[in-house]
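# Summary of the model geometry
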Amino acid sequence: MNKELVLSYKTSKEIKPKAPYNFDATIFKPSHYPDQTKVYEIGKYWVGIRLNEQIYGIKMENKGDTNNPKILLTIFSNHKLSNEETNEVVNELDYRFEFNKDISGFFSKFKNDKILAPFLKKWYGVHSSCAQDLYGLLMIGIFLQNTVVKRTVQMTNIMLEKYGTKLSFDKKELYVFWEPKDIIKVPEEELRGLKVGYRAKLFIKLSDTFIKENIDEFKLRKLPKEEA
């Protein structure tokens, strides 16, 4: 069931996030989940994303510093991108990595706080970030239940290799998660054969819910938090 996708078209764009923006601290946090969906090197980051039924390979390179941030963004695709499609990808990455969120007020307010000051100095310019969409994040949440990280990574990679989409771009190979419609077709016994245990039922149930209830992440983002 595994699919492979070679992304040979490249579209580059320079991004200027709102300062302060600490590239490495935002991209690679201590809570990093070491699966095969992304690759990180100091100042560089590769990840695959699924957006509007298309899959893109993303490379982000740090070209500035925390007070004068610049990111060279390269979008890899299997077709030539229009300006509109490029902007859609950039806007999605803005949501996931907070390029345009102004957090300067927070650091100014607490820079002299006796408890927070040492941590804010170390993590100056760090933003919230999440490379995955809602469905992928929930998949990781299931993998993380009731076991150690090493085991969750083993399970994640096994399932990515069997059901995910393998991407090749910029001399890197990584994966994006499967879609809900893919997993509901898989017998529970087949998933259990990959030694994911009771999680097999949860993968199928959650995927079925996404389809039957037509869960739309983009609509959820527009709702008040309590309603969402």
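For the structure itself, look to the data block above.
Residues numbered from 1 in each chain as written. Predicted model: local features only at pLDDT ≥ 70, side-chain atom pairs only at ≥ 80, totals over all residues. Heavy atoms only, no water.

Across the sheet, five strands lie side by side as S2-S6-S5-S4-S3; this open sheet has antiparallel pairing. Sheet topology places strand S2 (9-15) and strand S3 (38-41) at the edges, where each strand pairs with a single neighbour. Taking the axes of each pair of neighbouring strands and ignoring which way they run, one obtains an average angle of 20° across the sheet. Taken together, the eight bridges between strand S4 (residues 44-51) and strand S5 (residues 54-62) define a ladder with antiparallel strand orientation. Across the sheet, residue lysine 44 finds its bridge partner in S5, namely glutamate 61. Contacting S2, S4, S5 and strand S6 (71-77), helix H2 (residues 83-97) crosses the sheet at an angle of about 115° to S4. (Pairing = 2+ DSSP bridges. Helix = DSSP H or I, 4+ residues; strand = E, 2+ residues; numbered from the N terminus. Axes fitted to C-alpha atoms, helices over the stretch in contact; angles between N-to-C directions. Contact = heavy atoms within 4.5 Å.)

One pass over the structure, following the stated rule, counts twelve aromatic pairs. For the ring pair tyrosine 21 and phenylalanine 99, a centre distance of 6.1 Å and an interplane angle of 55° mean the geometry is tilted. Here tyrosine 21, found in the loop between S2 and helix H1 (23-27), pairs with phenylalanine 99, found in the loop between H2 and helix H3 (104-110); they are 78 residues apart in sequence, far enough to count as distant. Across the pair, exposure class does not vary: tyrosine 21 and phenylalanine 99 are buried alike. With centroids separated by 5.1 Å and ring planes inclined at 75°, the aromatic side chains of phenylalanine 107 and tyrosine 124 adopt a geometry described as edge-to-face. Pair noted here: phenylalanine 107 is in helix H3 and tyrosine 124 is in the loop between helix H4 (117-122) and helix H5 (134-143), with a separation of 17 residues, a long-range link. Phenylalanine 107 gets classed as buried once you look at its relative accessible area, which sits at 7%. You can call tyrosine 124 partly exposed: its relative accessible area is 33%. (Phe/Tyr/Trp six-rings, centres within 6.5 Å; stacked < 30°, edge-to-face > 60°. Buried < 20%, exposed > 50% of the residue type's maximum accessible area, 1.4 Å probe, protein only.)

This part is about the sheet that holds strand S1 (residues 3-6). Strands sit in the order S1-S7-S8 across an open sheet of three strands; the sheet is mixed. Only two strands of the sheet have a single neighbouring strand rather than two, namely S1 and strand S8 (172-176). Put simply, the sheet's adjacent strands are angled 25° from each other on average, direction ignored. Relative to strand S7 (residues 165-169), S1 runs parallel, the two being bridged by four bridges. Opposite glutamate 4, over in S7, you have lysine 166 as the bridge partner.

This part is about the nonpolar core. Grouped together as the largest cluster of nonpolar side chains are 23 residues, with contacts concentrated most on Met159, Trp178, Ile183, Leu191 and Phe203. Elements supplying a minimum of two residues to this core: H5, helix H6 (149-163) and helix H9 (199-212). In contact with phenylalanine 203, other than residues within four places in its own chain, are Met139, Ile142, Phe143, Met159, Ile183, Leu191 and Val196. Membership of the second largest hydrophobic core comes to 21 residues, among which are Ile27, Met60, Val90 and Phe97. (Core = buried A, V, L, I, M, F, W, Y, C linked by side-chain atoms within 4.5 Å.)

Look at H9: 20 Å from first C-alpha to last across 14 residues, which is about the 20 Å you get at 1.5 Å a residue. For H9, the set of buried residues is Arg199, Ala200, Phe203, Ile204, Ser207 and Phe210. Down the axis, H9 shows its buried residues gathered within 140° of arc, on one side only. The outward face of H9, more than 90 degrees from its buried face, is lined by the exposed residues Lys205 and Lys212. Among the structural elements, H5, H6, helix H7 (180-183) and helix H8 (188-192) are those in contact with the buried residues of H9. Residue asparagine 214 follows H9 closely and has a positive phi angle near 50°. (Expected span 1.5 Å × (residues − 1). Arc of directions from axis to C-beta.)

Okay, H5 next. If you check which residues of H5 are buried, you get Tyr135, Gly136, Met139, Ile140, Ile142 and Phe143. Along H5, the residues classed as buried sweep out an arc of 155° about the axis, all on the same side. Next to the buried residues of H5 lie H6, H7 and H9.

Our next topic: the environment of leucine 220. Looking at where leucine 220 falls in the secondary structure, it is placed in helix H10 (residues 217-222). When its relative accessible area of 30% is taken as the criterion, leucine 220 is described as partly exposed. Sequence separation between leucine 220 and leucine 134 is 86 residues; the distance between their C-alpha atoms is 10.0 Å. Those residues in contact with leucine 220, other than ones at most four positions away along the chain, are Leu134, Ile215 and Ala228.

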